[in-house]
Amino acid sequence: MLKKLATLICLCSAQLGFAQVGNGDFEQWAAGAPEQWTTIDSGISLSSSATAKTGALSAAVTVNTTSQGSTDFRQSVAVVSGTSYTFSAWVYHTEGGVKARLYVDGYQGYSSELLLNQWQQISYAYTATANTTIEIGLRFYDVSGFDGSEVVYVDDFQPSTAGGACADTVGLVNLTTDNYGAETSWELAKGGTVVVNGSGYGSNQSYSDDLCLSDGDYNFTILDSYGDGICCSNGNGSYSVSVAGTTVASGGQFSSQETTSFTVGSGGGTGSGLSGYYASADGMSGYALKTELYNIIKNHSSQGYGALWTFYNSNERDNYYENDGSLLDIYSENPSGNDAYVYSNSSSQCGSYNSEADCYNREHSFPRSWFGGAVEPMNSDVHHIFASDGYVNSQRGNYPYGEVGSATFTSQNNSKLGSPISGLGYSGTVFEPIDEFKGDLARAYFYMATRYQNVIANWENNSSTSDAVLNGTANQVFESWALNLLKSWHQQDPVSQKEIDRNEAAYSYQGNRNPFVDHPELVTEIWGN
């Protein structure tokens, strides 16, 4: 069942919240049953009816028993401690031999069975004593004159609060299910507590449900019990979550589950203090911030793959370590001593090679097989393509970055290829650069996740290694193991002067910047700690 509430709670004298009943208007039906409701007893049956209080349909409840313990239908809603709700339902009696009793975390008030052929409302004011889930619904009782079968219509089952509207930030969950809707569920958690969730869906149906969100940090998780997501093996399901009109989560291609973090209001960090180039993103957070950064840095001026040699010759120079002006190769540079070899000028370009020090070439830190090959503008985007030794580059191939436990290859500056350390979260071959450049490469990956968020969700299945790193979404982008690794590298290796200078040169060269070099704090504000 869907469970909705107004999460949590302004610090004011009247604490208000919504606990919205799913399908309370009984407009959605599947296989002859109202969606999101459960008939827990066999003494009643439900069907749709055009005798409606609101909308086009109501629930026609046929009571066929005198056993008062087997006439309930219910659903669950989540409630917030200290919050007051008024649960109500409209009922319509046809014969007068049955009365309805409201159920709100226990049995409450009755309808009047003597009011025939007209709608009447029964309601109950409820104050939650804990953050929990309660049952709500109706039970039907036979009274004098019951002839063994009677129809009662039910409609417009709802909660309400004083003011009757969301006093916080309005959100929306949109969901389209695939051919197996019952496998799909979702939950929204705040501070580790699930405050809203949904399940029990029909197949190939679309749902749209309101949220009322107080300030804070949230995790939205969508789950598939079979493990094949909701698109595209068995239908074309999709989902999206928006907050104040901005999409913060979306997708459809995942395995068992997919989690997106976002922040509402000032509950977590925000991109405050941004100005100039980033002014339009000021005050934003979460994936809404990421989207605005995408809008800022997209549409850069692609210079072509061949022009990278010119960029390297002018801007990829060692003015930071030996300070000898040689080409700065991330796979041969030794920050704490003399380099084993250097490339002094652009004439050392690859070419053929048989071992280290033969020539240097252009290393796509984000492998180009992951985005489909020599495809522009990704193939020439200087923000993720670094000068590197050709032989070491070939050893890296398109393997994911990771931390190596047992090396099968080690370069002369101690970059490694091999099997990963225990606990990495990935068991395939990985390539580990030296510590000096781990943050640089992590920020290049966060740049790619942002600059190409309009297309990156489609790259996951381009190769087995892209599938290992990418999760098929445009928001989180990376599998959790990879995201955790990148965030760790970003924190352990802060932005250096080399990166700052390279970012300035890239801006002059192709007209856009890497936001995570200019503002390293944005990584946390988008992807969390």
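What you see is a predicted model, and the numbers here were worked out from it, not measured in a lab.

Calculation notes
- Residues numbered from 1 in each chain as written.
- Predicted model: local features only at pLDDT ≥ 70, side-chain atom pairs only at ≥ 80, totals over all residues.
- Heavy atoms only, no water.
- Pairing = 2+ DSSP bridges.
- Helix = DSSP H or I, 4+ residues; strand = E, 2+ residues; numbered from the N terminus.
- Axes fitted to C-alpha atoms, helices over the stretch in contact; angles between N-to-C directions.
- Salt bridge = Lys/Arg side-chain N within 4 Å of Asp/Glu carboxyl O.
- Buried < 20%, exposed > 50% of the residue type's maximum accessible area, 1.4 Å probe, protein only.
- Polar contact = N/O pair within 3.5 Å; in protein donor to acceptor, adjacent residues only side chain to side chain.
- Left-handed = near helix turned anticlockwise from the far one by under 90°.
- Contact = heavy atoms within 4.5 Å.
- Nonpolar A, V, L, I, M, F, W, Y, C, P; charged D, E, K, R; others polar.

*Asks:* Teacher, can you tell me more about the sheet that holds strand 14 (residues 184-190) here?
*Replies:* Backbone hydrogen bonds hold the strands of a sheet together, and the pairing may be parallel or antiparallel. One open sheet accounts for four strands, arranged 15-14-17-22; its pairing is antiparallel. The sheet is open, and its two borders are formed by strand 15 (193-198) and strand 22 (257-264), each paired with just one other strand. Here the strands of the sheet are splayed against their neighbours by 20 degrees on average, with no regard to which way each runs. Note: strand 14 against strand 15, five bridges, orientation antiparallel. Bridge assignment links leucine 188 to a residue of strand 15, and that residue is valine 196.

*Asks:* Explain the pattern of salt bridges to me, please; I cannot follow it from the model alone.
*Replies:* Once the charged atoms of two side chains with opposite charge are near each other, the side chains can pair. Considering all chains together, one arrives at 10 salt bridges under this definition. Of the charged contacts, one joins aspartate 72 and arginine 139 as a salt bridge, the two residues approaching to 2.5 Å between their closest N and O atoms. Taken together, the positions of aspartate 72 in strand 6 (residues 72-79) and arginine 139 in strand 11 (residues 132-142) put the pair 67 residues apart, joining distant regions of the chain. Assessed through its relative accessible area of 14%, arginine 139 is described here as buried. In this structure, arginine 502 and glutamate 316 form a salt bridge, with 2.8 Å as the shortest nitrogen-oxygen distance. Taken together, the residues span a long stretch of sequence, with arginine 502 in helix 7 (residues 497-510) and glutamate 316 in the loop between helix 2 (308-315) and strand 23 (360-364) at a distance of 186 residues. For the pair arginine 502 and glutamate 316, a shared accessibility class is recorded, and that class is buried. Overlapping salt bridges, with partners in common, bring together Asp72, Arg74 and Arg139 in one network.

*Asks:* Sorry, what's going on with the side chain of serine 49 here?
*Replies:* Position of serine 49 among the secondary structure elements: in strand 4 (residues 44-49). Among the polar contacts listed, one links the side chain of serine 49 to the backbone nitrogen of threonine 51, at a separation of 3.0 Å.

*Asks:* When you look at the environment of tyrosine 141 in this model, what are you seeing that I'm missing?
*Replies:* The topology assignment puts tyrosine 141 in strand 11. Residues tyrosine 141 and glutamate 113, spaced 28 residues apart in sequence, show a C-alpha to C-alpha distance of 9.8 Å. A distance of 3.3 Å separates the side chain of tyrosine 141 from the side chain of arginine 101, its partner in a polar contact.

*Asks:* Please clarify how the sheet that holds strand 3 (residues 38-39) should be interpreted in this entry.
*Replies:* Across the sheet, which stays open at both edges, the five strands sit in the order 3-6-11-8-9 with antiparallel pairing between neighbours. Both outer strands of the open sheet, strand 3 and strand 9 (107-110), are each paired with one neighbouring strand and no more.

*Asks:* How should the packing of helix 4 (residues 438-451) against helix 7 be read in this particular structure?
*Replies:* Relative placement of two packed helices is described by the angle separating their axes and the distance separating the axes. Two numbers describe how helix 4 lies on helix 7: the axes approach to 11 Å, and their chain directions differ by 35 degrees. Relative to helix 7, the crossing made by helix 4 is right-handed. Of the residues in helix 7, those in contact with Gly439, Asp440, Arg443 and Tyr447 of helix 4 are Lys498, Glu499 and Gln510. Here the contact of helix 4 with helix 7 is built from residues that sort into one nonpolar, two polar and four charged.

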